[in-house]
Amino acid sequence: MDIMKIVAAGIIATILAVLLRGERPEIAVVISIVTGLVIFVFLINKLNSVMSVLKYFAGKANIDILYFSTILKVIAIAYITEFGAQICRDAGEGAIAAKVELAGKVLIMVIAIPILAALMDIMLQIIP
Amino acid sequence: MDVNLIFKIAAIGIVVAVLNRVLNQSGREEMAMMTTLAGVVVVLMMIINLISNLFDSVRTMFHL
């Protein structure tokens, strides 16, 4: 059972981080970063197979590859942004975390602009 | 999934904390400061590979 492993690793890392937080807070932050990275690297293999299935169905349904890759990019940006912002917030820097999230939102909007433009085109065609 | 890295970092943290305490007690504040700094740098060198690994795998998976 993979979930057991992940929960066990999370609990152990939490105990270590709490142990070190009083004495060396910077090492405790590093421990939380490393735990997140280890869990994600473990999960990315599983996610890869799901991605290939999704790609197969997108190809079968004749979805434009531009839209599909845009969705994937948005998911990736959202995940990375969330990761960084959580770490900043854990370390007590709420302001930096908010800025990181703002940057993620702006970058997602920039990527989504072509889709929005296509939608606007369709709407303008429908409305005479 | 290598949990060993978490244990390694926690061990470095505990060792640095103990060294810091001992050096502070013996009246060597500057050495204690240097130990702290060295511990942080060593830990950062350990995690920088992992972070670049994460970014690479995200990039390859989502075709960025």
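These numbers come from a predicted model, not from an experiment.

Examining the overall build of chain B
Thinking step 1. Helix and strand counts for chain B stand at 2 helices and 0 strands.
Thinking step 2. For 64 residues, the compact-globule estimate of 2.2 N^0.38 gives 11 Å, and the C-alpha radius of gyration of chain B, at 17 Å, exceeds that figure by more than 25%.
Thinking step 3. Taken over the C-alpha atoms alone, chain B extends approximately 55 × 20 × 10 Å along its principal axes.
Thinking step 4. A buried classification covers 14% of the 64 residues belonging to chain B.

Observations concerning unusual backbone geometry
Thinking step 1. One non-glycine residue, N62(A), lies in positive phi territory at about 60°.
Thinking step 2. Counting through the fold element by element, N62(A) comes out in the loop between helix 2 (25-60) and helix 3 (65-90).

Some thoughts on the interface of chain A and chain B
Thinking step 1. Tallying the contact residues gives 29 residues for chain A and 24 residues for chain B.
Thinking step 2. Elements supplying a minimum of two residues to the side of chain A that touches chain B: helix 1 (2-21), helix 2 and helix 3 of chain A.
Thinking step 3. Partitioned by chemical class, the residues of the side of chain A that touches chain B number 21 nonpolar, 3 polar and 5 charged.

Here we look at the domain arrangement of chain A
All names here are of chain A.
Thinking step 1. Examined at the domain level, chain A breaks down into domain 1 (1-47) and domain 2 (64-128).
Thinking step 2. Its C-alpha centre places domain 1 at a distance of 27 Å from the equivalent point of domain 2.
Thinking step 3. Tallying the contact residues gives 4 residues for domain 1 and 4 residues for domain 2.
Thinking step 4. Split into classes, the residues belonging to the side of domain 1 that touches domain 2 amount to 2 nonpolar, 2 polar and no charged.

What counts, and at which threshold
Residues numbered from 1 in each chain as written. Chains lettered and ligands numbered in written order. Predicted model: local features only at pLDDT ≥ 70, side-chain atom pairs only at ≥ 80, totals over all residues. Helix = DSSP H or I, 4+ residues; strand = E, 2+ residues; numbered from the N terminus. Rg over C-alpha atoms; globule rule 2.2 N^0.38 Å. Buried ≥ 20, exposed ≤ 12 C-beta atoms within 10 Å, placed from the backbone. Contact = placed C-beta atoms within 7 Å. Nonpolar A, V, L, I, M, F, W, Y, C, P; charged D, E, K, R; others polar. Domains from an automatic or database assignment.

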